[in-house]
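One-letter residues, chain by chain:
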Amino acid sequence: MQMDFLEFSHICEALEGTAGRLDMTGIVRDALSPLDEADLPLFIHYLMGRPFPDWSQEKIGVGPNSVYDAVAYVAGGDRQVVVSAINRSGDPGKSVEILLGKKEQMSFFSESLTLNDIGRDFTLLAVIGGNKSQREKDRILRRLFANASPLEGRYLARLLLGELRIGIGEGTMRDAIAGAFAVSPAAVEHAYQAANDLGEVALIARKGEDALNEVHIEPFRPLKMMLAKQGTVTDMLSETGVLAAEYKYDGTRFQFHKVDGICRMYSRRLEEVTHAIPDVVAMLDAATSHDVILDGEVIAVRDGRPLPFQYVLRRFRRKHDIASHIKEIALAPNIFDILWIDGETLIDLPFAERRERLVAAVSDTCVAPQLMSGDEEEIDALYRNALNDGHEGIMIKDPRSPYTPGVRGKLWVKIKPAVDTIDLVVTAAEWGEGKRAHIFGSFLLSCLGEDGSYIPLSKVATGFSDEALQEMYVALSDLVLSEEGKMVHVEPQIVVEVGYAEVQKSPSYAGGFALRFPRFIRLRDDKSPEEIESLRMIEERFLAQSSR
Ligand code: AMP
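Residues numbered from 1 in each chain as written. Predicted model: local features only at pLDDT ≥ 70, side-chain atom pairs only at ≥ 80, totals over all residues. Heavy atoms only, no water.

Some details on the site of the ligand
Next up, step 1: Taken together, 15 residues lie around the ligand, and Glu246, Arg253, Glu297, Lys397 and Lys414 are the ones closest in.
Next up, step 2: Between Glu297 and the ligand, the recorded distance is 2.4 Å, taken from a side-chain N or O atom to an oxygen atom.
Next up, step 3: Between a nitrogen atom of the ligand and a side-chain N or O atom of Lys397, the distance comes to 2.8 Å.
Next up, step 4: The fraction of the free accessible surface of the ligand (500 Å²) that becomes covered by protein chains is 96%.
Next up, step 5: Taken atom by atom, the bulk of the ligand overlaps the second largest pocket. (Near = heavy atom within 4 Å. Polar contact = N/O pair within 3.5 Å; in protein donor to acceptor, adjacent residues only side chain to side chain. Areas by Shrake-Rupley, 256 points an atom, 1.4 Å probe, with all protein chains shown as cover. 1 Å grid on protein atoms, 1.4 Å probe; cavity = no way out; pocket = protein on both sides within 12 Å on 5 of 7 lines; lining within 4 Å. Sits in = over half its atoms within 2 Å of the grid points.)

Below you can see the structure in the form of structure tokens.
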């Protein structure tokens, strides 16, 4: 039987009222088993607040204003009615629920929505694409909200706005899938790393543990990237004895897929960027005759020296005049890992073995040089060379480690000069003053809470050039959720890197911490909001600094 969106909404409501992770896992687990083949993946994606699988290039592509317009149309009134309601409650989902409650009394209510209906409309919205077909999109949104009961409206609006607020993380979902289909969480995790889609993994889990262990990487489905933590050479050496050290290139991460001469390039956020950097794609294509998935960092170079990170981003963002930009900014790929070759999944092999496979398969013009060493002085010398050559520092890696997609662990450690910087997401902005009155002048930055919510940490108003402020304004003005005096709340989408002097305890912020002397460094549009610093990591920074 198909699941109704109302039932889904009741489950979301139950989860929202549940605090303990075990209890949440239990609720999800019980909901999973009865679902049919079509509903199971949809249920999982939606419960995690994502309309499509993580590897998918599909995007719903509707902004908050379109959502408000549709709700206003259905509930009677104009967008302002919706915006004022949100300003009062601070919660777009609950405001939509209340407004749709009024609609119900007028008995507009018609057909019931199934999970499948939502899936069909999300796909339609994604297929319609671009701004040109706004009318068609508006029609779909109106139909959805016209058929939604108030409670459904709460979760529909949140799904469309990209903030479900029920706190189902990947770990909870993994355990729920394992519980529902009597398989081990490790097998679910393993399959998830290769398939990058928990919805599909659940379908496989239903077939049993062996089926999960059989899951292989599929080309043209980008995997999450393995990430690094901060640490020291001494600590890592005492742990591993020998380590692999490479330059830390200050550019942009990429994942390159090639099969039968067809090449595609993905950014760190797993968005396809093949069209933006045809020169890099051609270099990588020429560098190997194998079918491969490669992981690396592309940097901009001039006269043999790396240019700052912003130059690469300019190239990645480019949609037109690509040819002239190729002339202006030369890019060079540095490959440091191989995840798949000629149908064989390599992520479970130790890094040292993957490196051998990489060197054997790919021309060394594109492969990042590596030092394998147990000698601290030798590694320190590499670090000094890296800085002299204009790079950010070095990466040191455990040669025994598998490739763990999406994991920020101690298997990869970054060593760079001691400037404390932190990546946070902008959750609100404040109008500027004087000549900056028409753009935003300061920004409220938030970190990630345990339940996936965003917790305010600091305001930043310094370090911006006029150009950077303009860029922030353009990036944020499409994301406005509500306005409150001079404060404008925005959808948490834009990640920025800020420098700071110290993490301090603060009663004025909900997380209990604030940054001292925050200073804007750069926009990190290569990072997604899920990748920012968590409150737990901030607490770790606080403790580390007091023990210094
Ligand atoms: P951070 O963004 O500061 O967490 O540092 C990790 C990032 O450094 C990775 O996501 C890569 O984009 C980048 N990076 C540069 N050089 C390397 C390298 N040799 N190995 C791994 N990552 C690298």
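Some points on the side chain of Ser95
Next up, step 1: With respect to the element layout, Ser95 can be found in helix 6 (residues 92-105).
Next up, step 2: Assessed through its relative accessible area of 1%, Ser95 is described here as buried. (Helix = DSSP H or I, 4+ residues; strand = E, 2+ residues; numbered from the N terminus. Buried < 20%, exposed > 50% of the residue type's maximum accessible area, 1.4 Å probe, protein only.)

Some thoughts on the environment of Gln504
Next up, step 1: Here Gln504 shows up in strand 18 (residues 502-505).
Next up, step 2: Expressed as a C-alpha distance, the spacing of Gln504 and Ala514, which sit 10 residues apart in the sequence, is 5.3 Å.

Quick notes on the pattern of salt bridges
Next up, step 1: Considering all chains together, one arrives at 46 salt bridges under this definition.
Next up, step 2: Salt-bridge contacts for Asp54 lead to Arg50; the nearest nitrogen and oxygen are separated by 2.8 Å.
Next up, step 3: We classify Asp54 as partly exposed; its relative accessible area is 21%.
Next up, step 4: Classification of Arg50 by relative accessible area gives partly exposed; the value is 22%.
Next up, step 5: Residue Arg317 pairs with Asp525 through a salt bridge whose shortest N-O separation is 2.6 Å. On the criterion of sequence distance, the pair formed by Arg317 in helix 16 (residues 309-317) and Asp525 in the loop between strand 20 (519-523) and helix 21 (535-547) is long-range, its members being 208 residues apart.
Next up, step 6: When its relative accessible area of 38% is taken as the criterion, Arg317 is described as partly exposed.
Next up, step 7: The exposure class of Asp525 is partly exposed, given its relative accessible area of 31%.
Next up, step 8: Salt bridges sharing partners connect three or more residues here, namely Glu13, Glu16, Asp91, Glu97, Arg154, Arg158, Glu163 and Arg165. (Salt bridge = Lys/Arg side-chain N within 4 Å of Asp/Glu carboxyl O.)

A few points about empty space enclosed by the protein
Next up, step 1: Inspection of every chain in the model, using the stated rule, returns one cavity of 30 Å³ or more.
Next up, step 2: Volume-wise, the largest cavity comes out at about 60 Å³.
Next up, step 3: Taken together, Ile44, His45, Met48, Arg50, Phe52, Pro53, Asp54, Tyr192, Asp197, Leu198 and Gly199 make up the full set of residues lining the largest cavity.
Next up, step 4: The set of elements that each furnish at least two residues to the lining of the largest cavity consists of helix 3 (39-47) and helix 12 (198-205). (Points joined across faces, edges and corners; volume = space filled by probe spheres on them.)

What to know about the packing of helix 14 (residues 233-240) against helix 19 (residues 376-388)
Next up, step 1: Closest axis-to-axis distance for the helix 14/helix 19 pair is 11 Å, and the angle between their directions is 140°. When the interaxial angle is binned, helix 14 and helix 19 end up oblique. Judged by the sense of rotation from one axis to the other, the crossing of helix 14 with helix 19 is right-handed. From helix 14, Val233, Thr234 and Leu237 reach across to helix 19, where they touch Glu376, Ile379 and Asp380.
Next up, step 2: Its residues assigned to classes, the contact of helix 14 with helix 19 comprises three nonpolar, one polar and two charged. (Axes fitted to C-alpha atoms, helices over the stretch in contact; angles between N-to-C directions. Parallel < 35°, antiparallel > 145°, perpendicular 65-115°, else oblique. Left-handed = near helix turned anticlockwise from the far one by under 90°. Contact = heavy atoms within 4.5 Å. Nonpolar A, V, L, I, M, F, W, Y, C, P; charged D, E, K, R; others polar.)

Let's talk about the layout of surface pockets
Over the atoms rolls a probe the size of a water molecule, and in doing so it shows where empty space is left.
Next up, step 1: There is about 1,200 Å³ of room inside the second largest pocket.
Next up, step 2: As for the second largest pocket, its lining consists of 49 residues, of which Ala228, Lys229, Gln230, Lys414 and Lys416 are closest to the centre.
Next up, step 3: Those elements giving two or more residues to the lining of the second largest pocket turn out to be strand 1 (227-230), strand 2 (243-248), strand 10 (393-397), strand 11 (408-415), strand 12 (421-431) and helix 21.
Next up, step 4: Taken together, the residues of the lining of the second largest pocket sort by class into 18 nonpolar, six polar and 25 charged.

Things to note about unusual backbone geometry
Next up, step 1: Positive phi, normally seen in glycine, also occurs at Arg165, with a value near 60°.
Next up, step 2: You will see that Asp303, though not glycine, has its phi angle at about 50°, which is positive.
Next up, step 3: Its location among the elements puts Asp303 in the loop between strand 5 (292-302) and strand 6 (305-306).

Remarks on the environment of Val362
Next up, step 1: The residue Val362 is located in the loop between helix 18 (351-361) and strand 9 (371-373) in this model.
Next up, step 2: Using a relative accessible area of 5% as the deciding quantity, one classes Val362 as buried.
Next up, step 3: Here the alpha-carbon distance between Val362 and Pro529, two residues 167 residues apart in the chain, equals 33 Å.
Next up, step 4: Beyond its immediate stretch of four places on either side in the chain, Val362 contacts Ala287, Thr288, Leu294, Ile335 and Val367.

As for the packing of aromatic side chains
Centre-to-centre distance and the angle between the planes together describe a pair of aromatic rings.
Next up, step 1: What the rule picks out here adds up to 13 aromatic pairs.
Next up, step 2: When the centroid spacing of 5.1 Å and the interplanar angle of 45° are considered together, the rings of Phe443 and Phe464 count as tilted. Here the residue Phe443 occupies a position in strand 13 (residues 440-448), and Phe464 occupies one in the loop between strand 14 (454-460) and helix 20 (466-477), the gap between them amounting to 21 residues.
Next up, step 3: Residue classification places Phe464 among the buried residues on the basis of a relative accessible area of 11%. (Phe/Tyr/Trp six-rings, centres within 6.5 Å; stacked < 30°, edge-to-face > 60°.)

Topic: the domain arrangement of the chain
Reports often express the size of an interface as the amount of accessible area lost when the parts come together.
Next up, step 1: You can read the domains of the chain as domain 1 (5-161), domain 2 (170-213), domain 3 (230-415) and domain 4 (420-547).
Next up, step 2: Spacing between the C-alpha centres of domain 1 and domain 2 amounts to 26 Å.
Next up, step 3: Contacts between the two partners involve 21 residues from domain 1 and, on the opposite side, 20 residues from domain 2.
Next up, step 4: The tally of links between domain 1 and domain 2 comes to two salt bridges.
Next up, step 5: Counting across the interface, domain 1 meets domain 2 through nine residue pairs in polar contact (both at pLDDT 80 or more).
Next up, step 6: Among the elements that line the side of domain 1 that touches domain 2, the one with the most residues is helix 2 (residues 21-32), at six residues.
Next up, step 7: For the side of domain 1 that touches domain 2, the class distribution of residues is 12 nonpolar, three polar and six charged. (Domains from an automatic or database assignment.)

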